[in-house]
Amino acid sequence: ACREGLALADDICLQIVRVATDCADVARSIQGAGFGFYDPIILDIERRMESFAVVDFVHEGRQSNFDAHQLAKSSVSLDFGRHVWLISPPFGVCNIIGDQ
């Protein structure tokens, strides 16, 4: 998921990126606090990070991944492949922003 986030950021020509994950081990590994069994993936992410001006990986608790859960639920009826919503996300996603 972190690699896909960086791929999307690259596709839309972003130079300053923040990737949030609910997996503390992944965030620590990317920040250099040790690798796990996914060393090759972390090394690939670090290599991809070099093409950005600033990349920040942060850990967010599972309580903040409501939008990710809604996206996963809404994607079960979609064709296989990559789907990106930049303007109008599926119903139930990012509604909190408009409610504030």
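What comes next is a walk through the structure. (Residues numbered from 1 in each chain as written. Predicted model: local features only at pLDDT ≥ 70, side-chain atom pairs only at ≥ 80, totals over all residues. Heavy atoms only, no water.)

1. Here we look at the nonpolar core
Stated precisely, the cut-off is as follows: Grouping buried Ala, Val, Leu, Ile, Met, Phe, Trp, Tyr and Cys residues that are joined through side-chain atoms within 4.5 Å yields what is termed a nonpolar core. Buried, partly exposed and exposed residues are distinguished by accessible area as a fraction of the type maximum, computed with a 1.4 Å probe on protein chains only: under 20%, between the cut-offs, and over 50%, respectively. Helix numbers and strand numbers start at the N terminus; a helix is a DSSP run of H or I with at least 4 residues, a strand a run of E with at least 2. Here, residues are in contact when the closest pair of their heavy atoms is within 4.5 Å.
Membership of the largest hydrophobic core comes to 13 residues, with the highest contact counts inside it found for Cys2, Leu6, Ile30 and Phe57. At the level of elements, helix H1 (2-11), strand S1 (16-21), helix H2 (24-30), helix H3 (39-49) and strand S2 (54-59) are the ones that each hand at least two residues to this core. Of the residues forming this core, the biggest block, 3 residues, is contributed by H1. When residues no more than four places from it in sequence are discounted, the contact partners of Ile30 are Cys2, Ile42, Ile45, Glu46, Met49 and Phe57.

2. Quick notes on the side chain of Asp44
The test is simple: Side-chain atoms alone can form a polar contact between residues adjacent in sequence; in general such a contact is a pair of N or O atoms within 3.5 Å, and within protein one must be able to donate a hydrogen while the other accepts it.
Along the chain, Asp44 turns up in helix H3. Since its relative accessible area comes to 12%, Asp44 is described here as buried. A polar side-chain atom of Asp44 sits 2.3 Å from a polar atom in the side chain of Arg47.

3. Here's the deal with H3
Note the following rule: Note: the arc covers the axis-to-C-beta directions of the helix.
Within the span of H3, buried status applies to Ile42, Asp44 and Ile45. Viewed end-on, H3 has its buried residues packed into an arc of 160 degrees, placing them on one side of the element. Exposed and facing more than 90 degrees away from the buried side of H3 are Pro40 and Arg47. Residues of H3 that are buried sit in contact with H1, H2 and S2.

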